[in-house]
Amino acid sequence: MKFPRLVLGFVAAALLPSTSFSQEATGTFVVKGASTPFSHVYAFWKDQAPFKNGVMNLYVLLSDVPVAESALPRNDRAIEKMAEPVRNDKIHAFELHFSEPGKTLDNGENGATYHNGIAPARHGNNGFIHYQTLKFDGMSLEGKVWMDPESATLAGWKVDATFKVKVPPKP
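Rules used throughout
- Residues numbered from 1 in each chain as written.
- Predicted model: local features only at pLDDT ≥ 70, side-chain atom pairs only at ≥ 80, totals over all residues.
- Heavy atoms only, no water.
- Helix = DSSP H or I, 4+ residues; strand = E, 2+ residues; numbered from the N terminus.
- Buried < 20%, exposed > 50% of the residue type's maximum accessible area, 1.4 Å probe, protein only.
- Pairing = 2+ DSSP bridges.
- Core = buried A, V, L, I, M, F, W, Y, C linked by side-chain atoms within 4.5 Å.

A. Local environment of the environment of Asn107. Positionally, Asn107 belongs in the loop between β6 (104-105) and β7 (111-114). A relative accessible area of 69% places Asn107 in the exposed class. Spatially, the C-alpha atom of Asn107 lies 7.5 Å from that of Asn126, the residues being 19 residues apart in sequence.

B. Local environment of the pairing of strand β4 (residues 52-63). Pairing analysis gives nine bridges linking strand β3 (residues 40-48) to β4, with the strands arranged antiparallel. Paired with Lys46 across the bridge in β4 is Asn57. The pairing of β4 with strand β5 (residues 93-100) spans five bridges and is antiparallel. Directly across from Tyr59, in β5, lies its bridge partner His97.

C. Structural detail: the nonpolar core. The biggest cluster of nonpolar side chains holds 26 residues, and the ones touching the most others in it are Val60, Leu96, Leu141 and Phe163. Listing elements by their share of this core, those giving two or more residues are β1 (24-31), β3, β4, β5, β9 (129-136), β10 (140-147) and β11 (157-166). The element best represented in this core is β11, accounting for five residues. Phe44, Leu61, Leu72 and Ile79 belong to the second-largest nonpolar core, a separate cluster that totals 14 residues.

Read these as spatial facts, not as claims about activity.
Next up, the structure:
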């Protein structure tokens with residue numbers, strides 16, 4: 001008697017609409033005229049030590065390739081792991097740094113680039129990156145990031161992307 005109920009349970013689960021969350025990144029990272037499409041997005045928390053020990057800030061990383069959980073740049077060790085693929089031109093990524101989760105970019109560093117055409121490892125950026133929250137409910141974040149054409153010309157690179165990402169629980 002239990003077997004038919006089990007089968008019925010699997011069939012019912014297969015017919016119900018999926019409640020999974022789709023993480024999406026679209027847009028491009030253009031460096032020295034070469035355009036790279038973003039296809040992956042990750043959100044993670046990072047301790048601001050030694051500047052603000054114990055203060056966790058939200059980061060969003062847009063990338064052209066998958067990034068292993070252990071390589072997300074949430075600490076110095078993981079940033080070191082990102083450096084080799086950056087130097088070998090295996091990853092092109094852009095990171096947003098939020099001071100108010102999902103809403104306001106950090107004043108000290110708006111974001112960072114991971115692209116060998118800019119620097120051989122992580123390169124912090126500030127002042128010319130624009131961000132707009134499209135939706136933020138504490139569990140997911142949808143946003144848009146871009147640069148003014150004048151700023152992009154001066155910098156020699158530009159980012160223009162939208163994303164949708166699940167926000168992990170704050171540690």
